[in-house]
Amino acid sequence: MAVLPSKPAPFFANKNRAFWNLQFAGWGGAMLLRAVTAIANGQSLDFMVPLAIEIVTGFSISLILSVVYRKLINRRPLVTWGVTAIVLAIAVGIYAAIDGWVFMLYRPQSESSFAAILVGISMLPFTLLGTWSALYYAINYFLQVEEQTDRLERLEAQATSAQLAMLRYQLNPHFLFNTLNSISTLVLLKQTEPANAMLTRLSSFLRHTLISQPGGKVTLAQEIETLKLYLGIERMRFEERLRTEFSIEPAAAHARLPSMLLQPLVENAIKYAVSAQEEGARISVAARLVGNRLRVTVSDTGPGLQASQMRPSLPLAITGEGQAVSTGVGLPNIRNRLAQAYGDDHLFEIRTPPEGGFTVMIEIPHDSAGAEEPAEPQPRISGNSPSPSPAAQIAKRPIGTQA
């Protein structure tokens, strides 16, 4: 027989119901304990009548205390504890007075005065109501701490999402400015056909990227498709000077990463490798799984970090001589996005050998898209990228609220 999966609801999910469950369980347990003790000590069964009156009295007084405590719990500590002590003393006095009156009715032959009886039995009401009060405050303070922790976690998650969105939106004008500048250059050179083709591809690229969630993730295959759209735009400008190579393991193609994470790396390579050399350069993108982590490298055959060509858009980069390079706009965005998405559980490494070339390596936890993800066009595993095509897919109150 099939068993339906179920998830037990937290005990305090409904605070009002939890209060009544604890109330009946607590006072019922007290009555049971007193009854068992009385029977064990040889008391007659008619002792159950005054015992029931005693428990009902304590139950009723605790309901009144819950109303008072609910109004005191969020006051200043001096007010809360001072008024609580006074109210608890009054409640214990009333409880003891009722118990004493019932005791005199139950044992009229007793020679003890009412005052003596009152003093003799006051310890039990004090113990019961004192314990009840301590548990009331302890449980509600615990629930308040839990609620504040949950609220803080939600706020942190919202802040992280907002930060990711801000960093992602920062890329759009940065990329758009560079692309429109290229189109403007083509127009000034009266190369209308390449300019029109670049505008068409820019439209496809923006339609492909802007529909994705700013703080969301895409598969590596989708990210490569976006890169090819971008490279198609830049190839209109650099032609044969821009050479690309992709080497993506099939197992890594379904891994997920923040959207538009690799585009600034390729844009940086075009700016400092392809554009800076008359013969252009080759840009290589490789990805593979290393254990339970995804490793992606973007490299170029440019001059690297030579003294004459520092890359101002890099985050803190270390040259072969151990010199640090200052940060700029584009690539620090990647480091910030990785920190927001993965905390310290990521690697962002820059390598620049003395003979030239430049490599950025990113290593993040492997997060597979799974079988439920919609199928996307798979990138070519190796070789130069073909001309890109437009993409088609582009949710406080204390327990005891009865009064």
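Since this is a predicted model, take the numbers as computed values, not measurements.

Procedures and definitions
- Residues numbered from 1 in each chain as written.
- Predicted model: local features only at pLDDT ≥ 70, side-chain atom pairs only at ≥ 80, totals over all residues.
- Heavy atoms only, no water.
- Helix = DSSP H or I, 4+ residues; strand = E, 2+ residues; numbered from the N terminus.
- Buried < 20%, exposed > 50% of the residue type's maximum accessible area, 1.4 Å probe, protein only.
- Areas by Shrake-Rupley, 256 points an atom, 1.4 Å probe, with all protein chains shown as cover.
- Salt bridge = Lys/Arg side-chain N within 4 Å of Asp/Glu carboxyl O.
- Pairing = 2+ DSSP bridges.
- Axes fitted to C-alpha atoms, helices over the stretch in contact; angles between N-to-C directions.
- Contact = heavy atoms within 4.5 Å.
- Parallel < 35°, antiparallel > 145°, perpendicular 65-115°, else oblique.
- Left-handed = near helix turned anticlockwise from the far one by under 90°.
- Nonpolar A, V, L, I, M, F, W, Y, C, P; charged D, E, K, R; others polar.
- Core = buried A, V, L, I, M, F, W, Y, C linked by side-chain atoms within 4.5 Å.
- Phe/Tyr/Trp six-rings, centres within 6.5 Å; stacked < 30°, edge-to-face > 60°.
- Lys NZ or Arg CZ within 6 Å of the ring centre and 35° of its normal.
- Patch = residues over 30% accessible without salt bridge, like charges linked within 9 Å, V, L, I, M, F, W, Y side chains within 5 Å.
- pLDDT = per-residue confidence, 0-100.

Asks: Explain the overall build of the protein chain to me, please; I cannot follow it from the model alone.
Replies: Summing up its helical and strand segments, the protein chain has nine helices and nine strands in all. Counting over 403 residues, the protein chain shows a buried share of 40%. Accessible surface computed for the protein chain: about 22,000 Å², of which carbon and sulfur atoms make up 61%.

Asks: Any chance you could explain the pattern of salt bridges here in plain terms?
Replies: When their charged atoms lie close together, side chains carrying opposite charge are able to pair. Taken as a whole and judged by the stated rule, the model has nine salt bridges. Between Arg34 and Glu54 there is a salt bridge, with the nearest N and O atoms lying 2.4 Å from each other. Here the residue Arg34 occupies a position in helix α1 (residues 15–40), and Glu54 occupies one in helix α2 (residues 48–72), the gap between them amounting to 20 residues. Its relative accessible area of 9% is what places Glu54 among the buried residues. Across the salt bridge formed by Lys217 and Asp367, the nearest N and O atoms sit 3.9 Å from each other. Taken as a pair, Lys217 in strand β1 (residues 217–219) and Asp367 in the segment after β9 (358–365) lie far apart in primary sequence, 150 residues in all. On the basis of relative accessible area, Lys217 is assigned to the partly exposed category, the value being 33%. A cluster of three or more residues bridged by salt bridges with shared partners is formed by Arg293, Arg295, Asp345 and Glu363.

Asks: Explain the sheet that holds strand β8 (residues 347–351) to me, please; I cannot follow it from the model alone.
Replies: Strand pairs in the sheet, formed through backbone hydrogen bonds, run parallel or antiparallel to each other. The sheet built from five strands is open, its strands ordered β2-β4-β5-β9-β8 with mixed pairing. The outermost strands of the open sheet, each flanked by one partner alone, are β2 (242–248) and β8. Averaged over neighbouring strand pairs, the angle between their axes works out to 10° when direction is ignored. Along the sheet, helix α7 (residues 220–238) contacts β2, β4 (281–290) and β5 (293–300); its crossing angle with β2, the most-contacted strand, is approximately 170°. The strands touched by helix α8 (residues 263–274) within the sheet are β2, β4, β5 and β9, with β4 carrying the most contacts at an inclination of about 150°.

Asks: Can you walk me through the packing of α2 against helix α3 (residues 77–106) in this structure?
Replies: Two numbers describe a pair of packed helices, the interaxial angle and the distance between the axes. The interhelical angle for the contact between α2 and α3, taken along N-to-C directions, is 165°, at an axis separation of 10 Å. In this view, α2 runs roughly antiparallel relative to α3, as classed from their interaxial angle. Remark: the crossing between α2 and α3 carries right-handed chirality. Within the contact between the two elements, α2 uses Pro50, Ile53, Glu54, Ile55, Thr57, Gly58, Ile61, Leu65, Val68, Tyr69 and Leu72 and α3 uses Thr80, Val83, Thr84, Val87, Leu88, Ala91, Ile94, Tyr95, Ile98, Asp99, Val102 and Tyr106. Its residues assigned to classes, the contact of α2 with α3 comprises 17 nonpolar, four polar and two charged.

Asks: I'm lost on the nonpolar core in this one. Help?
Replies: For soluble globular proteins, the rule of thumb is that nonpolar side chains tend to be buried together. Counting residues in each nonpolar core, the largest one holds 49 residues, and the members touching the most others are Leu220, Val266, Ile270 and Ile362. Considering each element in turn, this core owes the most residues, nine residues, to α7. Once residues within four sequence positions are removed from consideration, Ile362 is found in contact with Leu261, Leu262, Leu265, Leu294, Arg295, Val296, Ile334, Leu338, Leu347 and Phe348. Among the nonpolar cores identified, the runner-up in size contains 24 residues, and Ala30, Leu129, Trp132 and Tyr136 belong to it.

Asks: Is there a simple way to explain the pairing of β8 in this structure?
Replies: In the case of a regular strand, side chains alternate between the two sheet surfaces. Only one face of β8 is covered, namely the face carrying Phe348 and Ile350; the face carrying Leu347, Glu349 and Arg351 is uncovered. With five bridges joining them, β8 and β9 adopt antiparallel strand pairing. Residue pairing in the sheet places Ile350 in a bridge with Val360 of β9. Hairpin remark: β8 followed by β9, antiparallel, with six residues in the connecting loop; positive phi at Gly356, about 110°.

Asks: Teacher, can you tell me more about the packing of aromatic side chains here?
Replies: Tallied over the full model, the rule gives twelve aromatic pairs. With 6.3 Å between their ring centres and 35° between their planes, Trp20 and Phe59 make a pair best called tilted. In this pair, Trp20 sits in helix α1 while Phe59 sits in helix α2, placing the two residues 39 residues apart along the sequence. For Trp20, a relative accessible area of 25% corresponds to the partly exposed category. Assessed through its relative accessible area of 16%, Phe59 is described here as buried. Here the basic side chain of Lys228 rests over the ring of Phe246, its NZ or CZ set 5.4 Å away from the ring centre.

Asks: I keep staring at a nonpolar patch on the surface and nothing clicks. Help me out?
Replies: A contiguous nonpolar patch, built from Trp101, Met104, Leu105 and Phe114 and spanning about 410 Å² of accessible area, is present on the exposed surface. Ranked by the residues each element gives to the nonpolar patch, the list is headed by α3, at three residues. Mapped onto the fold, Trp101 is located in helix α3. Residue classification places Trp101 among the exposed residues on the basis of a relative accessible area of 51%.

Asks: Even after reading the chapter, I still don't get the confidence of the model for the protein chain, so can you show me in this structure?
Replies: In low-pLDDT regions, the fine details of the predicted coordinates are not to be read closely. Overall, the predicted model of the protein chain reaches an average pLDDT of 76, with 75% of residues at or above 70. In this model, residues 1–6 is a region of pLDDT below 50 whose contacts with residues beyond four sequence positions or in other chains number zero contacts. Within the model, pLDDT remains below 50 along residues 312–328, and this stretch shows 50 contacts once partners closer than five positions in the same chain are excluded.

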